[in-house]
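Breakdown of the fold
Take a look at the letters that make up each chain.
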Amino acid sequence: MSEAKVDALTQRMAEHMALPFPPGFRGLDIESQDMVMLDADAYGYALGVVEGPLNEQRCAGLTRLMTVFERVLPAIHDEYATRYFTHVRDMAAMAAEIEAQRDM
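**Overview of unusual backbone geometry**
- One non-glycine residue, Glu31, lies in positive phi territory at about 55°.
- By secondary structure assignment, the location of Glu31 is in the loop between strand E1 (29-30) and strand E2 (33-34).
- Residue classification places Glu31 among the partly exposed positions, given a relative accessible area of 44%.
- Although it is not a glycine, Ser32 adopts a positive phi angle of roughly 60°.
- Along the chain, Ser32 falls in the loop between E1 and E2.

So, in structure tokens, the structure goes:
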């Protein structure tokens, strides 16, 4: 696995932390998904990937999280929130890609 990819993920995580959470999305559920938890879960999985390989249960959780994004993103009708959660999804996807390469 490439250290450059982990560094890129770390940079994306730093960018994420600098972004303000979308106004009006705290406590909001979209497609039965709490948006704060979606955000926190994505960051947590990314952090786990940076810190070392995920265990089997966390790998499965990251995979499930990616399917949640497939349902949630099309249901967001706020321009900033769409950009924000797309960034979060991309961060999680990068983490999933790194983790998948570790299994090879």
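That shown, we press on.
**Observations concerning helix H4 (residues 79-102)**
- For H4, spanning 24 residues, the distance from its first C-alpha to its last is 35 Å, which sits close to the expected 34 Å at 1.5 Å a residue.
- Restricting attention to buried positions, one finds in H4 the residues Ala81, Tyr84, Phe85, His87, Val88, Met91, Ala92, Ala95, Ile98 and Glu99.
- Lining the buried residues of H4 we find helix H1 (3-18), helix H2 (35-51) and helix H3 (56-72).
- For H4, the N-terminal cap is Asp78; the gap from its side-chain oxygen to the backbone nitrogen of Tyr80 is 3.2 Å.

Rules and cut-offs
Residues numbered from 1 in each chain as written. Predicted model: local features only at pLDDT ≥ 70, side-chain atom pairs only at ≥ 80, totals over all residues. Heavy atoms only, no water. Helix = DSSP H or I, 4+ residues; strand = E, 2+ residues; numbered from the N terminus. Buried < 20%, exposed > 50% of the residue type's maximum accessible area, 1.4 Å probe, protein only. Expected span 1.5 Å × (residues − 1). Contact = heavy atoms within 4.5 Å. Polar contact = N/O pair within 3.5 Å; in protein donor to acceptor, adjacent residues only side chain to side chain.

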